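Here are the chains, one letter per residue:
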Amino acid sequence: MRIAIDDPTRPEAAAVIEAHGRYTSDVSPANTCHYLDASGLTHPDITFWTAQEDGAVLGCIALKMLSPDRAEIKSMHVLAAHRGKGIARKLIEALIEEARGRGVSWLGLETGRSEGFAASRALYAKLGFDPCEPFGAYCGKSFSYCMSRAL
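Criteria and cut-off values
- Within each chain, residues carry numbers counting from 1 in the order of the written sequence.
- Reporting in this predicted model follows two pLDDT cut-offs: at least 70 for local features of residues, and 80 or more for side-chain atom pairs to be given and counted; totals over whole chains, interfaces and linings ignore these cut-offs and use all residues.
- Here the side-chain values reflect all heavy atoms present in the structure, with hydrogen atoms and water set aside.
- Put simply, two rings from Phe, Tyr or Trp (the six-membered ring, in Trp's case) pair if the centres are within 6.5 Å, and we call them stacked under 30 degrees between planes, edge-to-face over 60, tilted for the rest.
- Definition used: whenever NZ (Lys) or CZ (Arg) falls within 6 Å of the ring centre and also within 35 degrees of the ring normal, the charge is taken to sit over that ring.
- Any Lys or Arg side-chain nitrogen located within 4 Å of an Asp or Glu carboxyl oxygen qualifies as a salt bridge.
- For each residue, the accessible area found with a 1.4 Å probe, counting protein chains only, is set against the maximum for its type, and the residue is called buried under 20%, exposed over 50%, and partly exposed in between.

Observations regarding the packing of aromatic side chains
No. 1: Counted by the stated rule, this structure contains 5 aromatic pairs.
No. 2: Measuring from centroid to centroid gives 5.5 Å for Tyr124 and Phe129, while their planes differ by 70 degrees, and the two rings are edge-to-face.
No. 3: Residues Phe135 and Tyr138 carry aromatic rings whose centres are separated by 5.2 Å and whose planes lie at 85 degrees to one another, so their mutual orientation is edge-to-face.
No. 4: Grouped by ring-pair contacts, the aromatic residues Tyr23, Phe117 and Phe143 constitute a single cluster.
No. 5: In this structure, Arg121 is placed above the aromatic ring of Tyr145, and the distance from its NZ or CZ to the ring centre is 5.6 Å.
No. 6: Lying over the aromatic face of Phe129, Arg149 brings its terminal NZ or CZ to 5.9 Å of the ring centre.

Here's the deal with the pattern of salt bridges
When the charged atoms of two side chains lie near each other, side chains of opposite charge can form a pair.
No. 1: Counted according to the given criterion, the structure contains 5 salt bridges.
No. 2: Arg10 serves as the salt-bridge partner of Asp6, at 2.6 Å between the closest nitrogen and oxygen.
No. 3: By relative accessible area, which is 15% here, Asp6 ends up buried.
No. 4: Judged by relative accessible area, which is 23%, Arg10 ranks as partly exposed.
No. 5: One salt bridge in this structure joins Lys74 and Glu72, with 3.9 Å as the shortest N-O distance. Here Lys74 and Glu72 have matching classes, each one buried.
No. 6: Within the structure, one salt-bridge network assembled from shared partners comprises Asp6, Arg10 and Glu12.

What follows is the structure, given as structure tokens:
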């Protein structure tokens, strides 16, 4: 498996982002999703990676810089057929390494409170993320579950 910076609008990458959007919408109450589509992930403050094997995109993750020392994980998703293989962990660890290299000292994320996000919350906790107060656009959003860790 190879993790590399990718173009979120590339059809194979965009298909994983679309799967992320569908999954998030399916396990969230209406109007509570904060995922970015492929064009939203092209913002200059966002770096997007995919995990690939034999040319197939298995998952994705993005790093959104909030300030020179604060950043957020966006759009972490592994296709259902490839879950349970450690891909999400490898994506998160690669993002953390990149964030540290950029001088990020605080890394946050937002996920949902439903059972559909339980595995994600558990993985983030295993990787040192703790629940935190909502930040940015997530303030006042009752379905948002925010986590962070120092780097």
